[in-house]
Amino acid sequence: MPNLLEKTREWVRERLNIDPVIEFASHKTVPSWKGSFWYYFGGVSLFFFIVQVATGILLLMYYQPGEKTAFESVRFIVTKVKFGWLIRSIHSWAANLFILSIFIHMFSVFFTKAFRRPRELTWYSGFILLALALGFGFSGYLLPWNTLAYFATKVGTTIVAVVPGIGGPIMQFLREGKDVSTATLTRFYGLHVAIIPAIFTAVLGLHMLLIQTQGMHEPESWKTIPAAQRKSMPFFPNFILRDVLLWLIVLNVLAILAVVFPWELGTKVDPFAPAPGGIKPEWYFLFMYQALKYFPAKLGPMDGEVVGIIFFGIAGLLWFLVPWWDAKTPQGARNRMINYVGIGVVLFMIVLTAVGVR
Amino acid sequence: MTSVRRWNPIAIVIAALVAVPLAAWAQSDSVAAKPAAPAQPAAAATPAQPGTRDECMTCHLDQDSPEAIAYKNDIHRSRGVTCADCHGGDPHSDDQDAAMNKAKGFIGVPKKQKIPLLCGSCHGGQDSGFTSRYKLKNVLAEYHGSVHERSLDANPSGAQCVSCHGVHSIVSVTDAKSPVHPSRVVDTCAKCHGDARYMRDFNPSLPVDQKEKYLTSIHGQRHAKGDWKVATCVSCHSNHAVQQVKDPRSPVYPTQIPATCARCHANEKYMAGYDIPTTQYRDYKESVHGIALLKKSDLNAPACNSCHGNHGAAPPGVASVIAVCGQCHQSNEELYQKSPHQAVFAGKKLPGCVVCHSNHGVRATSDAMVAFVKPSPCADCHRNDSSDKAAPAMLRIRGLLDSLTAGQKEAEAVLDRAENLGMDIADARYSLKDVNQARVKARVAIHSFAEKEFEEAARPGIVVAASARAAGKEAIHEHRFRRQGLVVSTLIVTLAALLLWLKIRQIERRQRDEIV
């Protein structure tokens, strides 16, 4: 067996110089401290992305976008295709857990100040990945062409239209027309299975390249303690194996959710039927949707909704640019204000999501 | 203001005394069919005392005017209504120029399309003095929006007050001489509604044989014998507020018909002496037909006229019951006509369908109708013993019915269980529609009273129900399989995770040992 392994390695080495990679991995270390656990959520997010790609490819083999085929083909998948119900349920559950995992990853990076120099580009690319993941969710939600998805997409795209100046054209682009229709379905299908995955993969490659080349961020507290007290573990095999261990646990959770709580298909869209009561966006948009409800109809000369959209736009931009406005970044000093802002944002999101769910 | 209103008409009446005869003379032919047409209604008249001198009458009677002669016996004249009240002018002046002076409101012959308003000045709710004195009803309000008013708006020869009541010789509706007295109202309506040429101007597709049909009806036959209590046109269509049959406000709109007929036929006091029951409406309301029409507003469901006819209303005879029911239940009729029951029932002069289903109180059918015990109608003739040759076939038919019902119930129960487990059984659930379809076909086929035909209709339903049940069971099995698969896969993944954890610990222990 060792001979076979050695022969294989030799065969690869002749054709591809992987020695620098092995050399790099064997010397790379990961800080080992009380916050190390949070490092794993990047890997968990990657795991969910892989699951999504794998299950998405399987669904593609049967899914047919179109007014008369979208709902029917998903129905066919969950009723007739062997294990189709499982694949679809896993795809739907993993989509949600993917975004949850990215949020956790993002906030852990934020609170550990891992966005600071020289990791600004990693933060920016991560933020773009989050936006793309939300795009994945928004576009994929419509594809089964069921009633809830249809009306939620209608509401979602209407909110986009509120953005002054560019809102209307964006809504027109998303809907491919004045209203949500099968043209929208085709457009969302294209975004979901080709455009967003291509961009996501490219940005993900950059994101991972940055992480690997810069290494894991060391905790801020390490700057004040002697080098001898700084513990670390080898990236390979220790960190990788722990990553895989967590992947296995997550896989179990995903399987239990997909089997015990299979994702419902709902009823087919009837565009002429009135919108059912209680239409809400997916949970990850709910805090914004709920917050917009609290804006008064008019704020000065502007519509409350417009002010709300501008507010979220500015807040998102500030969040994206946090390495830039975190004044103490260059000094690497402690910045409690950043913590307070982060806690405020987390509380805001949790409370409004909880209210929205109710 | 009040005094001005009171005196102006009188001045007009004086002027009209002179003018009316000439104008009325010019329009003196058949006023009921071709009513006179005023330019505009004269002002509301102040009631004059009966016997008040009316110079219009004086002159026109001198000239032997038929209108004036007729008006001598008009109910309006006896109540003090002068010529000028309708025609304007001054009824107190014996000078023709003064009496028929337009300056005094003389309008001559009222225009036809203005007549309802003219009559309505007293019969329109607004108090003209006559209105309160004689307690006149607001007939104009009833006429407004009626099909006759719409016809008049469209065409001056449309029906208005004088078309039915006549003119100058109007008498009380209770007077047998009145064209709207029950004895004459059918002829009055038929004057227009029996004239195809006239009706073509208004509603070319409307039949014009209502009177002919009416004369064949029980109502018409009694009417011809002088029974004025029986229904005439206005009994069902109303008088002043006549609407098209397709108008939901019409008393003969399908959903209104049962109540309209019931106004007389459910009134024990009114129907006393006719020797027919008065329970039809009560029975009908509870029947499957009544529920469909009155509660579910299904206009395809039969009302009284669907079986009895409308203008030619009469109970269907024993021999024609099957044909009447067969208007809607065509397949049932065809099967029944070929069945052994047909000859037996005809021989005994039994009224076909009514024998088993009754007439006005037809109830929804059920499997229990096929049985040897009451209330099954079969029990009236059939016995479950060897003397009854039909008994074995009846038992097998009932067995198939029970299998169909039980199969469907079982399938639904299994599918409910599968659905509660979160399984998708929509296709199987949908297939159960075919079971209902088979039940409908079987219940039709039962009218052949032949086991073979019945089984051909029922068997597919039994097969579909069994297939749906099997699909439900398979879904439950699939659910169990999924759970078992989850347990196995979870155990394998957990075991792999455990082994990996042990491997990590082993690696880290070795690394620590190497450092030491």
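Visitor: Even after reading the chapter, I still don't get the overall build of chain B, so can you show me in this structure?
Guide: Tallying secondary structure elements over chain B gives 28 helices and zero strands in all. For chain B, the residues scored as buried account for 36% of the 516 residues in total. If you take every contact in chain B between residues at least 6 apart in sequence, the share linking residues at least 24 apart comes to 68%.

Visitor: Would you explain the overall build of chain A in this entry?
Guide: Each helix and strand in chain A was counted, giving 14 helices and four strands. A buried classification covers 29% of the 358 residues belonging to chain A. Look at the contacts in chain A between residues 6 or more apart in sequence, and 76% of them connect residues 24 or more apart.

Visitor: Is there a simple way to think about the interface of chain A and chain B in this case?
Guide: The figure often quoted for interface size is the accessible area lost as the parts come together. Each partner contributes residues to the interface: chain A has 16 residues there, and chain B has 17 residues. Those elements giving two or more residues to the side of chain A that touches chain B turn out to be helix H4 (70–79) and helix H10 (235–260) of chain A. The element that contributes the greatest number of residues to the side of chain A that touches chain B is H10(A), accounting for 13 residues. A class-by-class count of the residues in the side of chain A that touches chain B yields twelve nonpolar, three polar and one charged.

Visitor: What is the right way to read the environment of Gln342(B) from this model?
Guide: All names here are of chain B. Residue position: Gln-342 is located in helix H24 (residues 340–347). It is 9.7 Å that separates the C-alpha atoms of Gln-342 and Ile-322, two residues lying 20 residues apart in sequence. Look past the residues within four positions of Gln-342 in its chain and what remains in contact with it is Tyr-336 and Gln-337.

Visitor: It is not clear to me how helix H3 (residues 40–60) of chain A should be interpreted in this structure. Could you clarify?
Guide: Given 3.6 residues to a turn, an α-helix orients residues that are three or four positions apart in the same direction. Residue and element names in this part refer to chain A. Its 21 residues place the ends of H3 30 Å apart at the C-alpha level, agreeing with the 30 Å of an ideal helix rising 1.5 Å per residue. Among all positions in H3, only Tyr-40, Phe-41, Gly-42, Val-44, Ser-45, Phe-47, Phe-48, Phe-49, Val-51, Gln-52, Thr-55 and Leu-59 are buried. Considering only its buried residues, H3 is in contact with H4, helix H5 (84–111) and H10.

Visitor: I keep staring at the packing of H5(A) against helix H6 (residues 120–142) of chain A and nothing clicks. Help me out?
Guide: The geometry of a pair of packed helices is captured by two quantities: the angle between their axes and the separation between those axes. All names here are of chain A. The interhelical angle for the contact between H5 and H6, taken along N-to-C directions, is 160 degrees, at an axis separation of 10 Å. Comparing the axis directions of H5 and H6 gives the class roughly antiparallel. For the crossing formed where H5 meets H6, the hand is left-handed. Residues Ala-95, Phe-98, Ile-99, Ile-102, Met-106 and Val-109 of H5 form the contact with H6, whose participating residues are Trp-123, Gly-126, Leu-129, Leu-130, Ala-133, Leu-134, Phe-136, Gly-137 and Gly-140. Residues of the contact of H5 with H6, tallied by class, amount to twelve nonpolar, three polar and no charged.

Visitor: So what exactly am I meant to see when it comes to the confidence of the model for chain B here?
Guide: Caution applies to low-pLDDT parts of the model: their predicted coordinates are not meant to be read in detail. Residues and elements named next belong to chain B. Residues at a pLDDT of 70 or more form 90% of chain B, whose mean pLDDT is 87. Across residues 1–45 the pLDDT falls below 50, and counting only partners more than four positions away or on other chains, this stretch makes 168 contacts in the model. Predicted complex, confidence summary: ipTM 0.87, pTM 0.64.

Visitor: Any chance you could explain the environment of Glu419(B) here in plain terms?
Guide: Within the fold, Glu419(B) resides in helix H26 (residues 391–420). Each C-alpha atom of the pair Glu419(B) and Ile476(B) lies 8.8 Å from the other, and the pair is 57 residues apart in sequence.

Visitor: How should I be thinking about unusual backbone geometry in this particular structure?
Guide: Most peptide bonds adopt trans geometry, and most residues besides glycine take a negative phi value. A cis amide bond, omega 10 degrees, links Arg117(A) with the succeeding residue Pro118(A). Along the chain, Pro118(A) falls in the loop between H5 and H6. With an omega of 15 degrees, the peptide bond between Lys374(B) and Pro375(B) qualifies as cis. Here Asp275(B), not a glycine, exhibits a phi torsion of approximately 60 degrees, which is positive. By secondary structure assignment, the location of Asp275(B) is in the loop between helix H18 (268–271) and helix H19 (280–286).

Visitor: What is the right way to read helix H20 (residues 288–295) of chain B from this model?
Guide: Residue and element names in this part refer to chain B. Residues His-289, Gly-290 and Leu-293 constitute the buried set of H20. For H20, the angular spread of buried residues about the axis comes to 90 degrees, placing them on one side. Taken together, the buried residues of H20 touch helix H17 (257–265) and H19.

Visitor: Whenever I open this one, the nonpolar core confuses me. Can you help?
Guide: All names here are of chain A. Membership of the largest hydrophobic core comes to 65 residues, with the highest contact counts inside it found for Phe-48, Ile-90, Ala-94, Phe-98, Leu-142 and Trp-145. Per-element accounting of this core gives the leading share, 14 residues, to H5. Once residues within four sequence positions are removed from consideration, Phe-98 is found in contact with Ser-45, Phe-48, Phe-49, Gln-52 and Ala-133.

Visitor: Even after reading the chapter, I still don't get the packing of H6(A) against helix H7 (residues 147–161) of chain A, so can you show me in this structure?
Guide: Residues and elements named next belong to chain A. Interhelical geometry of H6 versus H7 gives an angle of 135 degrees and a closest axis separation of 8 Å. The angle between the axes of H6 and H7 places the two elements in the oblique class. Counted together, Phe-138, Tyr-141 and Leu-142 of H6 and Ala-149, Tyr-150, Ala-152, Thr-153 and Gly-156 of H7 form the full contact between these two elements. Looking at side-chain class alone, the contact of H6 with H7 contains six nonpolar, two polar and no charged residues.

Visitor: Explain the confidence of the model for chain A here, please?
Guide: Summarising the model, chain A shows a mean pLDDT of 91, and 97% of its residues fall at 70 or more. The lowest-confidence element of chain A is helix H2 (residues 19–27) of chain A, averaging 83 in pLDDT; the highest-confidence one is H3(A), averaging 97.

Rules used throughout
Residues numbered from 1 in each chain as written. Chains lettered and ligands numbered in written order. Predicted model: local features only at pLDDT ≥ 70, side-chain atom pairs only at ≥ 80, totals over all residues. Helix = DSSP H or I, 4+ residues; strand = E, 2+ residues; numbered from the N terminus. Buried ≥ 20, exposed ≤ 12 C-beta atoms within 10 Å, placed from the backbone. Contact = placed C-beta atoms within 7 Å. Nonpolar A, V, L, I, M, F, W, Y, C, P; charged D, E, K, R; others polar. Expected span 1.5 Å × (residues − 1). Axes fitted to C-alpha atoms, helices over the stretch in contact; angles between N-to-C directions. Parallel < 35°, antiparallel > 145°, perpendicular 65-115°, else oblique. Left-handed = near helix turned anticlockwise from the far one by under 90°. pLDDT = per-residue confidence, 0-100. Arc of directions from axis to C-beta. Core = buried A, V, L, I, M, F, W, Y, C linked by C-beta atoms within 7 Å.

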